[in-house]
Each structure stands twice: as structure tokens, then as C-alpha cells.
Amino acid sequence: DGDVAALGGEVGRLLGYEFRDGSLAIRAVTHVSSSEESYERLEFLGDAILDCLLMSHFFRSYPDLDPERLCDLRQAAVCNESFARLTVRLGLHKRLRHRSPLVEAQIAAYLDYLASTGLGDRLHPSDTLHEGPKVLGDVFEAATAAVFLDVGGRLDAAWAIMGPLLQDFLDDHVSLEVVTKSPIRQFHEDMQKMGFTPQDIVYGHDEVFDTSSVLPAYECRIVLCGEPVASERANSPQLAKRLACKGALAWVANHAERVEELLQRSRAASTSEPRAAALAGTEDDGGEDGGNGATEAGGQADAKAERRIAT
């Protein structure tokens, strides 16, 4: 019991906050594999709180910024990779309570990857080739919720504590100078401008099993009008999709004649319905995919859903 109580104090120290209710701090770093009450409910709440806090921060910080650029900032900040980096930066991962060999292996592999880059947690999240395990993003979300509840459910008070912890990360990785559009959104917007419809793009998703490793891997394939244009593997479905979209953008840039042939194929196959109706699903709804309406085969299409794939 004494060790558990000390853990609550240590979590608070890492956050620069003294909890009135230490059980909240302990729960925030307790994985479902532990026999104790886990952070799952806190993580669910923290996800919504961080979305609200960060969007409010961007809205106030950039009063003249258009919604599309605000969306770019949100996507860069409110994602599993960014929250996983913050967990590592703060050292919260060292206080995680769990009994899962897979979680242990996933965290170790991620830390090894960050070390191998020579930049550590300073590597820009959009440049990552190995995404942080969901458990690390969950811990930061849960810690945010724990603080929010401990201060009486006041968003301003929660931001006063979490804001300073986020500020260095936001300065490094989520400023107008460094944030770029998601490759998924970029790919679909470029295809739409060329004249392709969402139905012309098909994604294939598969979990790849490697007997030499306990860690899962995922593959994403992109087919444009029946033509395979990109295929990438990564340690998460969403990272595989982002990398595949980067590959698809490069393929399109290097195969102008073939792209024109595919566009003619698309036009020939078009139905008699107005093209505007076919493109209705491409309007940006704030998600990384931008509500692209493309066909998904064998996996979850929505960025939020993929971020919540169970560890």
C-alpha cells in the first residue's frame, strides 16, 4: 500500500501537480492487464478534454487562421503519436502498472526506435516510421483526465497544469512553421482536383504475422482505378496508411501519363449521377482522412477508430 501511495505522488511530481485524490493518479497509469482498476474510463474522458483544450488554445493563439489550417494543427496535436511522445518526454511510461509481455515489448521497441533516430522524442511525429503503442497515448490522456477531475472538472484549471507540459512539444512540433497537411488528406485532395472520385480509390488492410516477432505489423495497399499504386507496412494500421499515401503521392508525381490513362478510365466508368454527388463524401470533417469516402477493404477506415485499436 505504501508503494502504491508513493506511486501516486511520483505521477504527480512528473506532472508538476500534487493530487488531492491520489487514487486518480494511480489509476491513470494502471493498464487493463493489471488486477487493479484501469485507466480505460479516464483515457476516454481525457481524449475529449485534450481535444477541447488544444482546439481552444489554437483558436485563441491564431485568431485569423482559417478552419483548414486549424484542422492541420489539431491533427498534428490530437493523435496517439503526439500523446505517446509526451508520455515518454515526461517519463510517465516508467510508472506504468501492467502485466502484459506484449505491452512491455511494444514500449521497448518504440524507445529503441526513438533512440535509433538520434533525435529521441524530438523527432517530428509526422516523420516517424514506428508509431508509439496505443498504451502510451492512453496514459497521457488518462493523466489529463485525472488532473481534470482532481481540480473539480474545470477546464481552465486543467489547462493551467497541462498547458505548460504541452507547450514545449507544441513549440517543437505543432506550429504553423512545421505542421504540414496529413498525407492522407493531401492524397485525396489531389485526386479530387485531378478529377478522380472517392470510389476510384480502394484501400486494402491486413495484419501481417511474423513468427520471428511477438509484435504485430500491418499492411496498407492503395489501388487507383484498379491499378496498385502503393503498399506499405508499419507497426500500426494508421501509420501504414499514412506511409502508403505518401507512396501514392510519389507514384502519381512520377507517372503522369499513366495517371491520365486512369483518369480516362474513371470518366468512362462514371455513372450518370452528377459528379458533385459522388464527391460529396470528400468534404473535410476534421478527421485525418478528411471524410474521403474511399473504399476500405479489410480494416478500419476512421482515424479515431484506428487509434483505438486495443493493445
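Quick note: structure is the one above.
This text gives an overview of the structure that appears in the document.

Each value, and the rule that gives it
Residues numbered from 1 in each chain as written. Predicted model: local features only at pLDDT ≥ 70, side-chain atom pairs only at ≥ 80, totals over all residues. Heavy atoms only, no water. Helix = DSSP H or I, 4+ residues; strand = E, 2+ residues; numbered from the N terminus. Expected span 1.5 Å × (residues − 1). Buried < 20%, exposed > 50% of the residue type's maximum accessible area, 1.4 Å probe, protein only. Axes fitted to C-alpha atoms, helices over the stretch in contact; angles between N-to-C directions. Parallel < 35°, antiparallel > 145°, perpendicular 65-115°, else oblique. Contact = heavy atoms within 4.5 Å. Salt bridge = Lys/Arg side-chain N within 4 Å of Asp/Glu carboxyl O.

**Notes on helix 7 (residues 134–150)**
Right, so step 1: Given a rise of 1.5 Å per residue, 17 residues ought to cover 24 Å, and the 24 Å separating the end C-alpha atoms of helix 7 matches this to within 8%.
Right, so step 2: The buried fraction of helix 7 amounts to 16 of the 17 residues, a majority that puts the element mostly inside the structure.
Right, so step 3: The positive-phi residue at the C-terminal boundary of helix 7 is G152, with phi of around 85°.

**What to know about the packing of helix 3 (residues 40–61) against helix 7**
Right, so step 1: It is at 7 Å that the axes of helix 3 and helix 7 come closest, and there the two elements cross at 80°. Considered as vectors, helix 3 and helix 7 are oriented roughly perpendicular to each other. Residues L42, E43, L45, G46, D47, I49 and L50 of helix 3 pack against K134, D138, F140, E141, A142, T144, A145, A146, F148 and L149 of helix 7.

**Quick notes on the pattern of salt bridges**
Right, so step 1: The tally for this structure, following the rule as stated, stands at 20 salt bridges.
Right, so step 2: The salt bridge partner of R13 is E10, with a shortest N-O separation of 2.6 Å. Placement of both R13 and E10 in helix 1 (residues 2–15) is noted, with a separation of three residues, approximately one turn of the helix.
Right, so step 3: On the accessibility criterion, R13 (54% relative accessible area) is exposed.
Right, so step 4: Residue class for E10 comes out buried when judged on its relative accessible area of 18%.
Right, so step 5: The residue R258 makes a salt bridge to E261 at a minimum N-O spacing of 2.7 Å.

Purely geometric numbers; function is a separate question.
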